[in-house]
Amino acid sequence: QKYNSTTMAATRKSNIDNPFKERHIPWTRYLILLSVALILTIFFVISDVAKVKASQGKFQPNLAVNKNINKDEAAGDDDNEDSDKFPDMSLDEYPDWLHEYLTGLEWDEVQKLANTQPGGLNKDLVRASLQMGCANLRHNQKEEGNFNYQYDFVEEELDPSDNQVRNVGALWGLALCFQHFKTHGGDRDREYTDALQQAVEKGLDFFLDHLIEGPVEGSLLVKYPGTISSETGTNAILGLALVDYIHTLQPEEHGNAEEIQNLRGKLDGIIKFLVFLQLPNKHFSSSFQIQNEIKTSSYQGYFDGETILCLTKAAKYIPGYEHLIPLIEQTAPVLAKSYTVDAWREEVHDSPTTKGFYQWSSMLASEYYDAKWKNFDLFGDYVLVMAHWIVSTHSILTRNANTGYAYEGIISAYEVAQARDDDKISQALKKTIDVGLYKLSTWQVGGPLSNRNPFLKEHPTTELIAVGGVMNHQDRSPLRIDTTQHQMHAYMMAFSSVYR
């Protein structure tokens, strides 16, 4: 409660300063306030204890963000159990440990979890959802070329806030949409595909216009409007957009050679900047302070994953970037170990650090495995271990928020399981993908399964910036641009690999 000091009685009983900094306040009232505060404190302590007891044995998300949090309270495991299960080891020992760990995982558990929920997606439903979702990204593009951050279609309110990483993520999403429909669409989608390409080029114009010279010769970095630092993820995802767009364009088509050469020059500069950002421990600095020209010493899972994925796809798909392969071969195992066994030992098994690295590293692992680079089987094992982790440990199928991002990783694992002819893992992951994406499909505004969501039935809309967008919860109306982007990418992967 807030108290208006002007209503309090004005009687001075002592010359000791009153804690409320008001004169003439009866000490009896002060004692009453202290008594109320004490009673409320006892009430909340008892309530919290009751909640802890009620939740024992149940999943408790992200309790161990701070490594100093007691592991018994956070995960139900003691230090000795964590040390035994996730021991300290050298990088050379990691591949054998990971393989042995994979062989001990129970995939029946994954299948059982998936069997508890309804599924039933098919190629036609995925295609329809994709077409609407990619159109939603395009309709949320601003005149300048960047994107709306969030729109509440029930309140009809546009959120004016921004996020440079999520904004460029929408551009990458459009580049992937263009790639998908150019590859799978055919003549019937030509007009739609052309519109997507125009949106990609408009977005590239915006972000490339905001490139500035970097700290090393030939490097380029994004200076996003209104910011004083360039986030590593912004540059890595712009690099991904360029890689996938260049890879999609055919040089032999009329007029593309000069365009590709120009885009390659921009990609060269971004790649040089990303390489510069690497720290001595093989992680990547999380940001670059533009005015001071200093890269931070901190790093994080999201940006590490986005950066190594960008370098990997450039080396694999764009001629002339093969020189990155040795760097990737040296860096990827270090990051994999850091975000799995080391994080699980030092934090908890359901580590938020692992979650940040999860889908990006899974996409990296699938690409690496397919490229057959040095120790590629390590990354085949890695992506399967991570798929088991996201389903069994992180409980992805029972999460209340949108989890479209996770299926970018799970489908990557499914591709590796298929390549290894592992039917048991393939079946468990395929079922997980089907039920997970089926549920999320009912969260798409105006989507083919939206009539199965009571909230969407109660709040119909025909607004172009809303239709095709995906909610972050099944009954909350704000539509964030990156939520739609991740789910559309998962649909594209499912269309190509799962519902062939």
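These numbers were taken from a predicted model, which means no experiment stands behind them.

**Q** Before we go on, may I ask you to explain the overall build of the protein in this structure?
**A** Looking only at helices and strands, one finds 18 helices and eight strands in the protein. Within the protein, buried positions represent 52% of all 500 residues. Within the protein, counting contacts between residues at least 6 apart in sequence, those at least 24 apart form 69% of the total. Carbon together with sulfur atoms contributes 49% to the accessible area of the protein, which is approximately 23,600 Å² in total.

**Q** Help me understand the side chain of lysine 337, please; the structure alone is not making it clear to me.
**A** Topologically, lysine 337 is positioned in helix H12 (residues 325–346). Taking the relative accessible area as the measure of exposure, lysine 337 reaches 10% and is therefore buried. When sequence neighbours within four positions are dropped, the list of residues in contact with lysine 337 reads Met89, Ser90, Leu91, Tyr94 and Asp342.

**Q** What exactly am I supposed to notice about the environment of asparagine 167 here?
**A** With respect to the element layout, asparagine 167 can be found in helix H7 (residues 164–184). Owing to a relative accessible area of 3%, asparagine 167 belongs among the buried residues under this scheme. Beyond its immediate chain neighbours, meaning those up to four positions away, asparagine 167 contacts Asn146, Phe147, Asp162, Phe207 and Tyr224.

**Q** Any chance you could explain the nonpolar core here in plain terms?
**A** The nonpolar side chains of a soluble globular protein tend to be buried, and buried together. The biggest cluster of nonpolar side chains holds 144 residues, and the ones touching the most others in it are Leu238, Tyr407 and Leu437. Discounting chain neighbours no more than four positions away, the residues touching tyrosine 407 are Ile396, Leu397, Thr432, Ile433, Gly436, Leu437, Leu440 and Ala490.

**Q** How do you make sense of the sheet that holds strand E2 (residues 157–159) when you look at a structure like this?
**A** Remark on secondary structure: sheet strands pair via backbone hydrogen bonds, oriented parallel or antiparallel. Pairing within the open sheet is antiparallel, and its three strands lie in the order E2-E1-E8. Each having just a single partner strand, E2 and strand E8 (478–480) make up the two edges of the open sheet. Strand-to-strand twist in this sheet, taken as the mean axis angle between neighbours without regard to direction, amounts to 20°.

**Q** Whenever I open this one, the state of the cysteines confuses me. Can you help?
**A** In protein structure, a disulfide is the covalent linkage between the sulfur atoms of two cysteines. One pass over the full model with this rule turns up one disulfide. Residue pairing for cysteine 134: its cysteine sulfur links by disulfide to cysteine 177, the two sulfurs lying 2.1 Å apart. Residues cysteine 134 and cysteine 177 are joined through a disulfide that is left-handed, its torsion about the S-S bond being -80°. Of this pair, cysteine 134 sits in helix H6 (residues 123–139) while cysteine 177 sits in helix H7, and the two are 43 residues apart along the sequence.

**Q** Help me out: how do you make sense of the sheet that holds strand E5 (residues 229–231) in this one?
**A** Ordered by their spatial adjacency, three strands build an open sheet running E5-E6-E7, and the pairing between neighbours is antiparallel. Only two strands of the sheet have a single neighbouring strand rather than two, namely E5 and strand E7 (294–295). As defined by bridge partners, strand E6 (residues 287–289) adjoins E7 across two bridges and the pair is classed as antiparallel. Within the sheet, the bridge partner assigned to glutamine 289 lies in E7 and is isoleucine 294.

**Q** Help me understand helix H14 (residues 376–393), please; the structure alone is not making it clear to me.
**A** Residues that lie three or four places apart on an α-helix share one face, since the helix turns once every 3.6 residues. Between its first and last C-alpha atoms H14 spans 25 Å; for 18 residues at 1.5 Å apiece the expected length is 26 Å, and the two agree. Counting buried residues in H14 gives 16 out of 18 residues, a clear majority hidden from the surface. Following H14 by one or two positions, serine 395 has its phi on the positive side, about 55°.

Calculation rules
Residues numbered from 1 in each chain as written. Predicted model: local features only at pLDDT ≥ 70, side-chain atom pairs only at ≥ 80, totals over all residues. Heavy atoms only, no water. Helix = DSSP H or I, 4+ residues; strand = E, 2+ residues; numbered from the N terminus. Buried < 20%, exposed > 50% of the residue type's maximum accessible area, 1.4 Å probe, protein only. Contact = heavy atoms within 4.5 Å. Areas by Shrake-Rupley, 256 points an atom, 1.4 Å probe, with all protein chains shown as cover. Core = buried A, V, L, I, M, F, W, Y, C linked by side-chain atoms within 4.5 Å. Pairing = 2+ DSSP bridges. Axes fitted to C-alpha atoms, helices over the stretch in contact; angles between N-to-C directions. Disulfide = S-S within 2.5 Å. Expected span 1.5 Å × (residues − 1).

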